[in-house]
Each structure stands twice: as structure tokens, then as C-alpha cells.
Amino acid sequence: MSGSVTQTTNLFPHLVAEERHRDHQAEEALFLTFNVDLGYFESRLLGLLRATGARVTVVADAGVWAPDTRAVKFAGRSYQLGLVDGRTAFHPKLMVLVGPKRAIAAVGSGNLTMGGWQYNHELLTVFTGDLSGMPTAFGDIRNAVSELAASGLLDVVTQRGLADTSRHLDTLLAAAPPVDTGHRVHASWVSPLITHIPAEPVAELNLFAAFHDPGANAVKNVMTRLQPSRVRVAVQPGWTHVDAIALSTVLSTYSASTGADIALLEDPSSPGSQEARYRHGKLIEWVTSDGQRQAFTGSPNLTTVALLKRAGDGGNYELAVTAPVEQTLFPGGQVIDPAIVPAPVADETDASLESDSQNVQVLSALSKNRQLTVQLNRLAPTRVAVELSSRDDDPDVWHQLGIVPEGARTTTFDTLVPAGSRVRAATAERGPTAPMFVTDELRVRVRSIPEKKASKTYNATSKDLFGDDTELLNLLLDDLTAYAEASRSTRLPAAAADGAESRAAESLDRDTDPIEPWLWLQEDAVRRYGPSLASWLLALPQLAGNETIAVPWADIITAEQAVGLDDDEQADAVDEDLTEDEVEATTSDHVDHSDDVERLKLARRRWAVKSQVVV
């Protein structure tokens, strides 16, 4: 790997390559996106990401959030979903997969949707690094993620995912030598993106984007900054959101004042052509006077809110890459009359539009300690009803859970709500808004550890422990003995001198984030003993592991890491193999051992005495 950078259209092979290391070193997987299709994400990417060992966090824009609730099975259970309501569009496109040995990061134009990952013409820059070398752009990405984590825009679980991602990047950057590839990553929540375009004359300027300002103000400012001698702008008539007459006027005015050679071109992949394909990529490309070609790519369209303003000061949340390129990324095309380019029509996915300041929706719903804490995107302007559709209920079935009082933003309800349930806000004036999925932090912040790396007891349940064979009990005792010895060797002292406690804590080789220490015990228990035995040993509800998550209203359910049956005949064979007693055993919560032979009872009593000594 050793610090490489690739300009590509497909990130999937890089994720597959990481999983094929089979060492499950990845700690965090982070996605920042505008639109998101969670059904696509869960079916195509989630299993692969979890197989790398990573906790997964997805962050999307609240203003365009409109989930297909029937397609979403794992949100809040196997990964964290966060929404951002920043009053302007949350529009960055970033993927980070990081662990102590390796990291992958991608900055591009594609949303976390099928269109963004498969169908559209997108631009994507992929950075890879390991202990032998890390591109310096990883430092920019670390800083951008850290700034966003501290912005106050995120719920506590999502914020933790970003903070942990930043921290793991920081650790890897500190351990690996830097590799300067000439790439820099820029975040609009740090500074306006146009400030990273050099203010010096260039020989050539090429532009394309899916969205333009109504008055082409961004294009005007880019030309003013670069002072190009030649300008080409490519559009797709009917697909590009552009006022071609206004754009042509800006180009002509610039040419009249500077003598520059300007042209408006029809993209070769425009509608009606044999290569028709929507170009969603964004490009500002220039050639310097000495022939060096530079590209500015990423999420920002050619709009004022994307390029000219800082996020938080009226600008969108955008992420861009500046880099040298050997070959042009510009599609070219034939000169087109601006009069035949259709006028733009307002679109709900237009990232240049500000969010509806009156819309009230649920940003997060956290289930913890038999309570549900619901956070709105803004102070309730009036009484806001909170409606619930439980995970096991049909997604079309809702009932009122409670009320958020006028002037409040966060309300806690004393009720146990399963992770993955759906919660939405409703007002008398506007009715219900888009639902959000309930998160269980214990589930989403536990790493997925493949079974082959776990203890021999990983697949066992408490019922198996007390079956006819005592081997499992002895295996568990051996594991607990080894685990207890390891714990004693790193246990903190009851009292410590100043500074001693922090040094001892470092010896635990644990992340030093603010997450409660007892969560690490749960994670270790799940890793070593599986979710069923870990729950039994710690006297807690069922903990997250490599579980099959089924809901009764779904037609077909497949766990994100499970392989399904090949056909109906195999399914029938499985059903036929279950006896009546076995079916009853799968639904029974308790097993009666009163009739067990005395030999087994004695063996269990001896095991109990030994285990007390270990503890």
C-alpha cells in the first residue's frame, strides 16, 4: 500500500482488498453523504464493512432524508445513522476505513446511493496508507473530521463515531512516515473552498458540475480568480441544473473584457447520445502557464453556497480535493447554443437550496437504560407529537408515544423501545415528518468479530452449558481462568499517586475516549464468548454480535454477514429435520434440570466451586 492515491470511479475493490487481509484490523468506518439509500448500503456494503472489524457510522443531510423504511433492517443495531441539520446542505462525500495498521479514505462527488456508487459519472479520489507510509492528505481528512465532530451538529453517538475515526487516523499518522503526493483535502466548515484555488493567471480552465448558480456567480468568481486565457464549460442539456443563457452571458462578458477564448459545450454523454449517462461529478480544472494540470474535485457544485461561503456563514458543508493530474478529467464536447438548453426546474435534491427553517423532525432517538431520548432538529415551535412504529410492527403502523413541549428540543420517555424501531415527529399544521431509527449504543459501538477468531464457546448458549456434556463448562472455565489472569496483570490499583493512574490506564491498551469503561468489558465478552454467553455471564440483555436480525413484516431477511439458503428445497429439508421436541426447545426460555443424573449435577457443582476461585 505504502501511501498511494488513485483517481477512480469505483471504491468497492478497495474495500474488498481490505477485507481480504482477514486480520479484521479496521476500527472505524465513516461515511459522510448528502442523499443516502440505506437499503442499497445494507445489501451491498454493510456486511463487507463489518467483516473488516469496523464499527460503522453513516452521516447524511436531514433536509433530504426520506428513508424507505421497509428496506432498512440494521440501522441503529449494526451501524449508527446520524443526521445533520445545518440550515444549509450537508453535502460532503467522504468514506474513511481506518485501523491501527491501515487506512483507506475516499473524497468524491457520489452520494451513498446506487446512482452515486454505480450508475452516474462521478469523480473519486482514493487514498490508501499503512505503517510504511501515509499520504499527507490523511492529515487534512483527520482535521476535517475532528472539526465536524466538535461542531455541535451531531448527536452523541454519531459524534463519538467521528471522534474515534479522527483519533485512529491521528494514531496511524503518528506511527507512519508521511508521503507527499501533492494532494490536499479542504473542508468548507474550516474555510471557504474558493480560497484554495490559486489567485494567479492560468492558460486554460475547464468546468463542469451538476448544479450552477442561477446567475452563474460561482463561475464568474472562479474566472476572476484564475484569469484564464481559455475557458470551456460542459453541460448536459436536460440534466445539468443550469441557466445556460445567464452562464453564456457571464462567459461572453469575461471574454469581452479579457480577450479569452470561451465556449459552452454539450457533454458527449448527454441525453439522446449513445453514451448517455448522468454526470454528477464536479470539476474545476486548470492548466498553469508552464503546462502543469491541476484539478479541484469533490462535492462542491458551481454555486455560491458551495464555493464562496464558509459553512456556518451561509455556505454548504462541502469537501474538496486539489491535486495534480496527468490527464484531463474534462469530458469535452461540441459547442452548443445556450438557447436550446432547457431552463432549470427546482429540485428537492438541489444542494444549493437552504433547508426549510420551519420543518420539525427527529434528528436522533437513543434507547438507553429503558428510556428513549428523542432529539428534534430545532426547538419545538408548538407541541410536537412523537410517534412510534416498533421494530416488529409493520412500518405503516404508528401510535403516539408522547409530546415534546413547546420550546423544548430534547425529551426523554420512560419506555423500553427496541433498537431499529422508527420514531417521527408530527405537528397539527404539517403532519408527520420523515422517521428516524432508534439507536442502541451498545450495539452500534461494539465491533463485529468473526466467529473463527473467537473462543470455542462463541456459538454456545447458557442452555448448552448445562447439557449432558460438561466439556463446554470446562472450556468456559479455562477461558475465564486465562481471562482473569490477563485482567489481573493490567488491573488499575485502588489508589494511585498523581499521574500513576493515567500511566496504568495506558497499559490497558484501550482507546481513551469518554465511553463508559464497562462497555469494554461487554465488547471483550462478546468477542470471546459470543453474544448469547456474554449476555448470560454479565446478566445483561442480549448483546450485539454476528446475529440474524429478523422482523415479522419482512418477506426476506438476511443477516448482513450471513449466507442464506440456496433454494426452497433446502429450506424444506431444514424444517423437516426439526423434531417437535427441538422446535419446543428453540422457544423455551428455561430448562428443567431436576431430572438430570447425579453425575452431571456433581460435575456442575465442582465447576461452580472452581469458577468462584477464579473470580
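Residues numbered from 1 in each chain as written. Predicted model: local features only at pLDDT ≥ 70, side-chain atom pairs only at ≥ 80, totals over all residues. Heavy atoms only, no water.

## Regarding the overall build of the chain
Point 1. What the chain contains, in helices and strands, is 16 helices and 25 strands.
Point 2. Of all intrachain contacts in the chain linking residues separated by at least 6 positions in sequence, the fraction that spans at least 24 positions is 76%.
Point 3. With an accessible surface of roughly 27900 Å², the chain has 50% of that area assigned to carbon and sulfur atoms. (Helix = DSSP H or I, 4+ residues; strand = E, 2+ residues; numbered from the N terminus. Contact = heavy atoms within 4.5 Å. Areas by Shrake-Rupley, 256 points an atom, 1.4 Å probe, with all protein chains shown as cover.)

## Some points on the side chain of Arg422
Point 1. With respect to the helices and strands, Arg422 occurs in strand S23 (residues 422-427).
Point 2. Salt bridges are absent for the buried Arg422, whose nearest opposite-charge side chain, Asp393, sits at 6.3 Å.
Point 3. Polar side-chain contacts of Arg422 include one of 2.7 Å to the backbone oxygen of Ser390.
Point 4. At a separation of 2.9 Å, a polar atom in the side chain of Arg422 contacts the main-chain carbonyl oxygen of Asp393. (Buried < 20%, exposed > 50% of the residue type's maximum accessible area, 1.4 Å probe, protein only. Lys, Arg positive; Asp, Glu negative; His and termini not counted. Salt bridge = Lys/Arg side-chain N within 4 Å of Asp/Glu carboxyl O. Polar contact = N/O pair within 3.5 Å; in protein donor to acceptor, adjacent residues only side chain to side chain.)

## Re the sheet that holds strand S3 (residues 55-61)
Point 1. The strand order S1-S7-S6-S5-S2-S3-S4 describes an open sheet built from seven strands, whose pairing is mixed. Of all strands in the sheet, those bounded by a partner on one side alone are strand S1 (4-8) and strand S4 (80-84). Within this sheet the neighbouring strands show an average axis-to-axis angle of 10°, counted without direction.
Point 2. Pairing analysis gives five bridges linking S3 to S4, with the strands arranged parallel. Residue pairing in the sheet places Val59 in a bridge with Gly82 of S4. (Pairing = 2+ DSSP bridges. Axes fitted to C-alpha atoms, helices over the stretch in contact; angles between N-to-C directions.)

## Describing helix H5 (residues 156-175)
Point 1. Across its 20 residues, H5 extends 29 Å between first and last C-alpha, which sits within 8% of the 28 Å expected from 1.5 Å per residue.
Point 2. Of all the residues in H5, the buried ones are Val157, Thr158, Arg160, Gly161, Leu162, Asp164, Thr165, Ser166, His168, Leu169, Leu172 and Leu173.
Point 3. Here H5 starts with a cap whose side-chain oxygen sits 3.1 Å from the backbone nitrogen of Val157, and that cap is Asp155. (Expected span 1.5 Å × (residues − 1).)

## Some points on the packing of helix H4 (residues 137-149) against H5
Point 1. As a packed pair, H4 and H5 sit with axes 9 Å apart at the nearest point and diverge in direction by 155°. In this view, H4 runs roughly antiparallel relative to H5, as classed from their interaxial angle. For the element pair H4 and H5, the recorded crossing hand is left-handed. For the pair H4 and H5, the contacting residues are Phe138, Gly139, Ile141, Arg142, Val145, Ser146, Leu148 and Ala149 in the first and Gln159, Leu162, Ala163, Thr165, Ser166, Leu169, Asp170 and Leu173 in the second.
Point 2. Of the residues in the contact of H4 with H5, the class split is nine nonpolar, five polar and two charged. (Parallel < 35°, antiparallel > 145°, perpendicular 65-115°, else oblique. Left-handed = near helix turned anticlockwise from the far one by under 90°. Nonpolar A, V, L, I, M, F, W, Y, C, P; charged D, E, K, R; others polar.)

## Describing the pairing of strand S5 (residues 94-98)
Point 1. With five of its five residues buried, S5 lies for the most part within the structure.
Point 2. Of the strand pairs in this sheet, strand S2 (residues 28-32) and S5 are connected by five bridges, and their pairing is antiparallel. Counterpart to Glu28 in the pairing with S5 is Val98.
Point 3. Pairing of S5 with strand S6 (residues 102-108) involves five bridges; the strand directions are antiparallel. When the bridges of S6 are listed, Leu94 appears paired with Val107.
Point 4. Counting the residues in the hairpin turn of S5 and S6 gives three residues.

## So, the pairing of strand S18 (residues 362-368)
Point 1. Counting buried residues along S18, six of its seven residues qualify, which places the element largely inside the surrounding structure.
Point 2. Relative to strand S19 (residues 371-376), S18 is paired through six bridges, and the arrangement is antiparallel. In the sheet register, Lys368 faces S19, and the bridge partner there is Gln371.
Point 3. Count of turn residues in the S18/S19 antiparallel hairpin: two residues, of which Asn369 carries a positive phi of about 55°.

## Some words on the pattern of salt bridges
Point 1. Here the structure, examined in full by the defined rule, presents 26 salt bridges.
Point 2. Of the charged contacts in the structure, one is a salt bridge between Asp261 and Arg232, with a shortest N-O distance of 2.9 Å. Of this pair, Asp261 sits in strand S13 (residues 261-266) while Arg232 sits in strand S12 (residues 230-235), and the two are 29 residues apart along the sequence.
Point 3. Taking relative accessible area as the criterion, Arg232 reaches 11% and is therefore assigned buried.

## So, the environment of Leu94
Point 1. Structurally, Leu94 can be placed in strand S5.
Point 2. For the pair Leu94 and Val145, spaced 51 residues apart in sequence, the C-alpha separation works out to 9.7 Å.
Point 3. Residues within four places of Leu94 in sequence aside, it is in contact with Leu30, Phe31, Leu32, Ala106, Val107, Ile141, Val145 and Leu319.

## Observations regarding the confidence of the model for the chain
Point 1. Here the chain averages 83 in pLDDT, while 75% of its residues score no lower than 70.
Point 2. Predicted confidence is poor over residues 352-356, with pLDDT under 50, and the contacts of this stretch with residues over four places away or in other chains come to 12 contacts.
Point 3. Below a pLDDT of 50 lies the segment residues 489-517, which in the model reaches 24 contacts outside its immediate sequence neighbourhood of four places, other chains included. (pLDDT = per-residue confidence, 0-100.)

## Thoughts on the environment of Val222
Point 1. Structurally, Val222 is set in helix H6 (residues 217-226).
Point 2. Take Val222: its relative accessible area is 0%, and that puts it in the buried class.
Point 3. Setting aside its immediate chain neighbours within four residues, Val222 contacts Ile194, Leu205, Leu207, Ile284 and Leu307.

## Considering the packing of aromatic side chains
Point 1. As enumerated under the stated definition, the model contains nine aromatic pairs in all.
Point 2. Centre to centre, the rings of Trp189 and Tyr317 are 6.2 Å apart; their planes meet at 35°, and the pair counts as tilted. Here Tyr317 lies in the loop between helix H8 (304-307) and strand S16 (319-324) and Trp189 lies in the loop between strand S10 (184-187) and strand S11 (204-208), a separation of 128 residues in the sequence. Like Tyr317, Trp189 is buried.
Point 3. The ring centre of Phe208 lies 5.3 Å from the NZ or CZ of Arg279, which sits over that ring.
Point 4. Positioned above the aromatic ring of Trp398, the side-chain terminus of Arg424 is 4.0 Å from the ring centre. (Phe/Tyr/Trp six-rings, centres within 6.5 Å; stacked < 30°, edge-to-face > 60°. Lys NZ or Arg CZ within 6 Å of the ring centre and 35° of its normal.)

## What to know about the nonpolar core
Point 1. Ranked by size, the top nonpolar core spans 54 residues in total, and within it Leu38, Phe41 and Tyr79 carry the most contacts.
Point 2. Not counting chain neighbours up to four residues away, the residues in contact with Phe41 comprise Phe31, Leu46, Leu49, Val56, Val58, Tyr79 and Leu112.
Point 3. Counting 35 residues, the second-largest nonpolar core is a separate cluster that includes Val84, Phe138, Leu162 and Ala311. (Core = buried A, V, L, I, M, F, W, Y, C linked by side-chain atoms within 4.5 Å.)

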